[in-house]
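Here is how the chains run, residue by residue.
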Amino acid sequence: DAGVIQSPRHEVTEMGQEVTLRCKPISGHDYLFWYRQTMMRGLELLIYFNNNVPIDDSGMPEDRFSAKMPNASFSTLKIQPSEPRDSAVYFCASSSNRAVREKDTDTQYFGPGTRLTVL
Amino acid sequence: RKEVEQDPGPFNVPEGATVAFNCTYSNSASQSFFWYRQDCRKEPKLLMSVYSSGNEDGRFTAQLNRASQYISLLIRDSKLSDSATYLCLSCGQNFVFGPGTRLSVLP
């Protein structure tokens, strides 16, 4: 399996622009997570989905952020309009609660992240 | 108080040393726990799941103490390649990472 795939790997944009981050989870995983990591705040959960349905979006900082999961193999995180304080690394992770190996159950596997810089 | 706390370190230890990290959590409803390691500018990678009976994988041992609400990670015979940030994850009604503990293993 290719693991969790994220694109783009790097994004530099200007304040006010729309930014769309993309994620393809591991095939067969039924949970998908979006995290943001900064030096100041560490790794923060923004939102997670179960079977394509958003379960908890309490971590989404404000209305400028939105996430969708139109199908089991694709999710997007959109920031509109972007601000300099949104600069961070955004990780997508996926997991399954029905893994074949017990040790894989509920284990979150992370993508390589998208490094976002908003100027 | 943060829901999951860790000593940020850094822990600077010589090769071959034994080092232990603790991670405390405040939500007694948390059900499962994990240790991840994160190298600089990389994504977190699973190190170990933490089972109630404790879990050992080579030089690494993880334990859970529900009464005191902490999990621990013990690294024996530390290697240079163990240098990284170690993050604990608490899962239950929500998913919360600790801030991480930075380990530097020195030659």
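Here the residue numbering is sequential within each chain, running from 1 through the sequence in written order. Just so you know, chain letters begin at A and ligand numbers begin at 1, following the order they were written in. Restriction of local features to residues with pLDDT of at least 70 applies here, the model being predicted, together with a cutoff of 80 or more for giving and counting side-chain atom pairs; totals for whole chains, interfaces and linings are based on all residues. Hydrogens and water are ignored here; the side-chain numbers use all heavy atoms of the structure.

J.: A description of the overall build of chain A should follow, citing residues and the corresponding values.
T.: When helices and strands are tallied, chain A shows zero helices and eleven strands. Secondary structure is summarised from DSSP: a helix means a run of H or I of at least four residues, a strand means a run of E of at least two, and numbering begins at the N terminus for each. Taken from the N to the C terminus, the helices and strands of chain A come in the order β-β-β-β-β-β-β-β-β-β-β. Since a compact globule built from 119 residues should have a radius of gyration of about 14 Å, the 14 Å found for chain A is in line with a globular shape. Buried means the residue's accessible area, taken with a 1.4 Å probe over protein chains only, is under 20% of the maximum for its type, while exposed means over 50%, and partly exposed covers the values in between. Burial analysis of chain A (119 residues in total) assigns 47% to the buried set. Working note: accessible area of chain A is about 6100 Å², and carbon and sulfur atoms make up 50% of it. Charge-centre separation for chain A: the mean point of 13 positive side chains lies 4 Å from the mean point of 15 negative side chains. For this measure, only C-alpha atoms enter the radius of gyration; the expected value for a globule follows 2.2 Å times N^0.38, where N is the number of residues. Using a 1.4 Å probe, accessible areas were evaluated by the Shrake-Rupley method; residue-level cover was limited to the displayed protein chains. For the purpose of charge, His is not counted, nor are the chain termini; Lys and Arg are scored as positive and Asp and Glu as negative. Where a charge lies is defined by one atom per residue type: Lys uses NZ, Arg uses CZ, Asp uses CG and Glu uses CD.

J.: How would you explain the packing of aromatic side chains if you had to name every residue and give the values?
T.: Residues and elements named next belong to chain A. Only centres within 6.5 Å qualify two rings of Phe, Tyr or Trp (six-membered ring in Trp) as a pair; their planes then separate them into stacked at under 30 degrees, edge-to-face at over 60, and tilted for everything else. Tallying each qualifying case throughout the model produces 15 aromatic pairs over all chains. Consider the rings of Tyr31 and Phe33, whose centres lie 6.3 Å apart with planes at 15 degrees: the pair is stacked. Judged by its relative accessible area of 1%, Phe33 falls in the buried class. With a centroid separation of 6.2 Å and an interplanar angle of 25 degrees, the aromatic rings of Phe33 and Tyr35 are classed as stacked.

J.: Help me get a handle on the side chain of A:Asn50, residues and values and all.
T.: Residues and elements named next belong to chain A. As for its placement among the helices and strands, Asn50 is situated in strand β5 (residues 42-50). The buried category is assigned to Asn50, whose relative accessible area is 19%. Contacts between residues were defined by any pair of non-hydrogen atoms, one from each residue, lying within 4.5 Å. Sequence-distant contacts of Asn50, defined by excluding residues within four places in its chain, comprise Asp30, Tyr31 and Ile55.

J.: Summarise the environment of A:Met39; cite the residues concerned and give the values.
T.: All names here are of chain A. With respect to the helices and strands, the residue Met39 is situated in the loop between β4 (31-38) and β5. Residue classification places Met39 among the exposed positions, given a relative accessible area of 84%. Each C-alpha atom of the pair Met39 and Gln108 lies 21 Å from the other, and the pair is 69 residues apart in sequence.

J.: Could you give an account of the pairing of strand β9 (residues 88-95) of chain A, with specific residues and numbers?
T.: All names here are of chain A. Extensive coverage of β9 is indicated by the burial of eight of its eight residues. Burial of the side chains of β9 extends over both faces: Ala88, Tyr90, Cys92 and Ser94 are buried on one face and Val89, Phe91, Ala93 and Ser95 on the other. One ladder, built from seven bridges, connects β4 with β9; its direction is antiparallel. Note that in β9 the partner of Tyr31 across the bridge is Ser95. Both β9 and strand β11 (residues 114-118) contribute to a ladder of three bridges, which runs antiparallel. Bridge pairing links Tyr90 to Thr114 in β11. Whether two strands pair comes down to DSSP finding at least two bridges between them.

J.: Describe the layout of surface pockets, with residues and values.
T.: Within this scheme a cavity is a closed region of a 1 Å grid, computed over the protein atoms alone, that accommodates a 1.4 Å probe without allowing it to escape, whereas a pocket is open but has protein on both sides within 12 Å along at least five of seven lines; lining residues each have an atom within 4 Å of a point. Grid points are joined across faces, edges and corners, and a volume is the space filled by probe spheres set on the points. The space that makes up the largest pocket amounts to roughly 1300 Å³. As for the largest pocket, its lining consists of 48 residues, of which A:Gln37, A:Thr38, A:Arg41, A:Gly42 and A:Leu43 are closest to the centre. Counting residues per element, the ones that place at least two in the lining of the largest pocket are β4, β5, β9 and β11 of chain A together with β9 (84-91), β10 (95-97) and β11 (101-106) of chain B. Among the elements that make up the lining of the largest pocket, the one with the highest residue count is β5(A) (six residues).

J.: Please give an account of the sheet that holds strand β8 (residues 70-75) of chain B that cites residues and values.
T.: Residue and element names in this part refer to chain B. Sheet architecture is open: five strands sit in the order β1-β3-β8-β7-β6, paired in antiparallel fashion. The open sheet is flanked by β1 (4-6) and β6 (55-57), the only strands paired with a single partner. The sheet shows a mean angle of 15 degrees between the axes of neighbouring strands, direction not considered. In terms of strand pairing, β1 meets strand β3 (residues 19-25) through three bridges, oriented antiparallel. Each bridged residue has a counterpart across the sheet, and for Val4 the counterpart in β3 is Tyr25. Axis definition: a line fitted to C-alpha atoms, over the contacting stretch in the case of helices. Angles run 0 to 180 degrees between N-to-C directions.

J.: Account for the interface of chain B and chain A, with residues named and values stated.
T.: A common way to report how large an interface is uses the accessible area buried once the components associate. In this assembly, 15 residues from chain B lie in contact with 17 residues from chain A. Carbon and sulfur atoms make up 57% of the area that chain B and chain A hide from each other, which totals about 1400 Å². Two parts placed together each lose some accessible area; with a 1.4 Å probe, that loss summed over both constitutes the buried area. Of all residues in chain B, the largest losses of buried area upon contact with chain A belong to B:Glu43, B:Phe95 and B:Phe97, amounting jointly to 37% of the total for that side. For this document, the term salt bridge refers to a Lys or Arg side-chain nitrogen within 4 Å of an Asp or Glu carboxyl oxygen. Between the two partners, chain B and chain A, sit zero salt bridges. Two N or O atoms form a polar contact when they lie within 3.5 Å of each other; inside protein one atom must be a possible hydrogen donor and the other a possible acceptor, and for residues adjacent in sequence the pair counts only when both atoms belong to side chains. Taken together, chain B and chain A are joined by two residue pairs in polar contact (both at pLDDT 80 or more). Elements that contribute at least two residues to the side of chain B that touches chain A include exactly β4 (32-38), β5 (45-50), β9 and β10 of chain B. A total of three residues in the side of chain B that touches chain A trace back to one element, the largest contributor, which is β4(B). Of the residues belonging to the side of chain B that touches chain A, the class tally is nine nonpolar, three polar and three charged. Note on residue categories: nonpolar means Ala, Val, Leu, Ile, Met, Phe, Trp, Tyr, Cys or Pro, charged means Asp, Glu, Lys or Arg, and polar means any other residue, Gly included.

Worth remembering: the numbers are spatial, not functional.
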